[in-house]
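Inside the fold
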Amino acid sequence: MKFGVITFPGSNCDEDAVLAVTEGLGADAVRLWHKDHDLQGADVVILPGGFSYGDYLRAGAIARFSPIMQEVIAHANRGGPVIGICNGFQIACEAHLLPGALLRNDSLQFRSQEVILRVENASTRFTNRYTAGQLLRIPIAHGDGRFTIEADGLRRLEDAGQVVFRYVDSKGNATAGANPNGSLDNIAGIVSAGGNVLGMMPHPERAIYQWLGSRDGLALFESMLAHVAA
Amino acid sequence: MSRFRVAIHIVPRKGILDPQGKAVADALHALGFSAVAEARVGRHLVLDVDAASADAATASARTMCDKLLANPVTEDYEIAGVVAA
């Protein structure tokens, strides 16, 4: 399996993503540039974290029109897997690969900390190596992570099991205190209706080794291998 | 073709939590401006656009808002003014 990691001007987690899937997972990775018109045979596209185009206008709004994004949108529309992490989640929403939008944290603070996530749906191609209800320790680092969607859209996401990760406290409860950004329903990550696009604000690629503080993110990438092998 | 200056207001949609607006309203209240019922913080854009008429410049600006400048999920926009540039 070959991962394609896109670098936009202002991306800063692209190298972490490459290392997570190569050294951590043992898969192949190809670095893709935002001006490229070709995914170079990547089976999975990773939209990494950072501040593409300086977050000008809105986070992800300008990156969405990069030449490579037209290829990513076509890939996703063919059912190809895409992972948007942090800024990548914002880009995926702006590109309409995922519903909703990400707004300024309700605290107005940039939050860089470890959070606890509860796996809400362990049957996606991104989460099959987890168990439903499992708690994960994964870092976040963002200022615009408040997931927002209109009431009907929220109901559809919840009913269809598209909410994959939620911010919870150490007991596994989705409390207001455990919510670092004011996201609706403590939502930390969602998948598309087709199940092939994942967006999440926390950084699984920064939780690959115990010496990083946690290795709970590795199983997300392992899930993708397991999905292909199945 | 003439050049028009188009002013655009973009604000968070009603009903969507606007923490910046709330912080501004709280600060105004602290200064004694108790008459302020609500504040919303958005963006103001000024575009110089070449178009056949003011109407055409406005229509073009609306298309730009729909496609890029405003997020239809969370924001409302308004063409606040069109004048000869």
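Our subject in this report is the structure included herewith. Per chain, residues are indexed from 1 in the order of the written sequence. Both sets of labels track the order of writing: A upward for chains, 1 upward for ligands. Predicted model: local features are reported for residues with pLDDT of at least 70 only, side-chain atom pairs are reported and counted for 80 or more only, and whole-chain, interface and lining totals are derived from all residues. Working from all heavy atoms in the structure, the side-chain values ignore hydrogens and water.

Here a helix means four or more residues in a row that DSSP labels H or I, a strand means two or more in a row labelled E, and each is numbered from the N terminus. What chain A contains, in helices and strands, is 5 helices and 11 strands. Here the globule rule reads 2.2 Å times residues to the power 0.38, and the radius of gyration is calculated from C-alpha atoms. Against the globule reference of 17 Å for 230 residues, chain A gives a C-alpha radius of gyration of 16 Å, in line with a compact fold. Projected onto the principal axes, the alpha-carbon positions of chain A cover approximately 45 × 40 × 35 Å. Sorting the 230 residues of chain A into buried and exposed places 57% on the buried side. A fraction of 75% describes how many contacts in chain A between residues 6 or more apart in sequence connect residues 24 or more apart. For chain A, the computed accessible surface area is about 8900 Å², with 49% contributed by carbon and sulfur atoms. Across chain A, the mean location of the 19 positive side-chain charges is 2 Å away from that of the 24 negative side-chain charges. The rule is simple: take the accessible area with a 1.4 Å probe, protein chains only, and divide by the maximum for that residue type; under 20% is buried, over 50% is exposed, in between is partly exposed. Whether two residues are in contact is decided by their heavy atoms: any pair within 4.5 Å suffices. Here the open area of atoms and residues is found with the Shrake-Rupley method and a 1.4 Å probe, where only the protein chains shown may cover a residue. The convention is simple: Lys and Arg are positive, Asp and Glu are negative, and His and the chain ends are not counted. The atoms used to mark charge sites are NZ of Lys, CZ of Arg, CG of Asp and CD of Glu.

So, about the sheet that holds strand 9 (residues 163-168) of chain A. Residues and elements named next belong to chain A. Ordered by their spatial adjacency, 9 strands build an open sheet running 2-1-3-4-11-10-9-6-7, and the pairing between neighbours is mixed. Here the strands that pair on one side only, and so sit at the sheet edges, are strand 2 (28-33) and strand 7 (135-142). Averaged over all neighbouring strand pairs, the angle between strand axes comes to 25°, with direction disregarded. In short, DSSP must find at least two bridges between two strands for them to pair. Here strand 9 runs beside strand 10 (residues 187-191); their pairing, made up of 3 bridges, is antiparallel. Its bridge partner being in strand 10, valine 163 is matched across the sheet by isoleucine 190. Helix axes are fitted only over the stretch in contact, all axes being lines through C-alpha atoms; the angle between N-to-C directions runs from 0 to 180 degrees. Of the strands in this sheet, strand 1 (2-7), strand 2, strand 3 (44-47), strand 4 (82-85) and strand 11 (197-200) are in contact with helix 2 (residues 67-77), which crosses strand 3 at around 130°.

With that settled, consider the nonpolar core. The nonpolar core is taken to be a set of buried Ala, Val, Leu, Ile, Met, Phe, Trp, Tyr and Cys residues, with the residues joined through side-chain atoms within 4.5 Å. Ranked by internal contacts, the top residues of the largest apolar core, which has 67 residues, are Ile83, Phe165 and Phe221 of chain A. Formed by 14 residues, the second largest nonpolar core is a distinct cluster that contains Val6, Ile10, Val49 and Ile79 of chain B.

In this section: the packing of aromatic side chains. Residue and element names in this part refer to chain A. Stacked, edge-to-face and tilted are the three classes for Phe, Tyr and Trp ring pairs, Trp counted by its six-membered ring, which pair at centre distances within 6.5 Å; planes under 30 degrees apart are stacked, over 60 edge-to-face, the rest tilted. In this structure the tally under the stated criterion is 5 aromatic pairs over all chains. Both rings, one in phenylalanine 89 and one in phenylalanine 147, keep their centres 6.0 Å apart while their planes meet at 15°; by these two values the pair is stacked. Residue phenylalanine 89 is located in helix 3 (residues 87-94), and its partner phenylalanine 147 is located in strand 8 (residues 146-148); the two are separated by 58 residues in the primary sequence. Looking at phenylalanine 147, the relative accessible area reads 0%, which means it is buried. Taking the centre distance of 6.4 Å and the plane angle of 85° together, the rings of tyrosine 130 and phenylalanine 165 count as edge-to-face. Of the two residues, tyrosine 130 sits in the loop between strand 6 (111-119) and strand 7 while phenylalanine 165 sits in strand 9, which places them 35 residues apart along the sequence.

This next bit is on the interface of chain A and chain B. On the side of chain B, 14 residues touch chain A, which itself brings 14 residues to the contact. A 1.4 Å probe defines the accessible area here, and the buried area is the portion of it lost by two parts on being joined, summed over both. Taken together, both faces of the contact between chain A and chain B bury some 1200 Å²; the carbon and sulfur share is 68%. Of all residues in chain A, Leu57, Arg58 and Leu108 of chain A give up the largest surface area on contact with chain B, accounting jointly for 40% of the area buried on that side. One side-chain nitrogen of Lys or Arg within 4 Å of one carboxyl oxygen of Asp or Glu is enough to make a salt bridge. The interface formed by chain A and chain B includes 1 salt bridge. For arginine 58 of chain A, the salt bridge identified is with glutamate 75 of chain B, shortest N-O distance 3.8 Å. The term polar contact refers here to a pair of N or O atoms within 3.5 Å; inside protein, the definition further demands a hydrogen-donor-capable atom paired with an acceptor-capable atom, and it admits residues adjacent in sequence only when both atoms are side-chain atoms. Between chain A and chain B we count 5 residue pairs in polar contact (both at pLDDT 80 or more) in total.

Once that is clear, we can look at helix 1 (residues 19-30) of chain B. Residue and element names in this part refer to chain B. Between its terminal C-alpha atoms helix 1 stretches 16 Å, which fits the 16 Å expected from 12 residues at 1.5 Å a residue. Listed as buried for helix 1 are Pro19, Gly21 and Ala25. Projection of helix 1 onto a plane perpendicular to its axis shows the buried side chains occupying an angular sector of 155°, all on one side. One or two residues past the end of helix 1 sits glycine 32, with phi positive at roughly 100°. The span expected for a helix works out to 1.5 Å for each residue beyond the first. What the arc describes is the spread of directions from the helix axis to the C-beta atoms.

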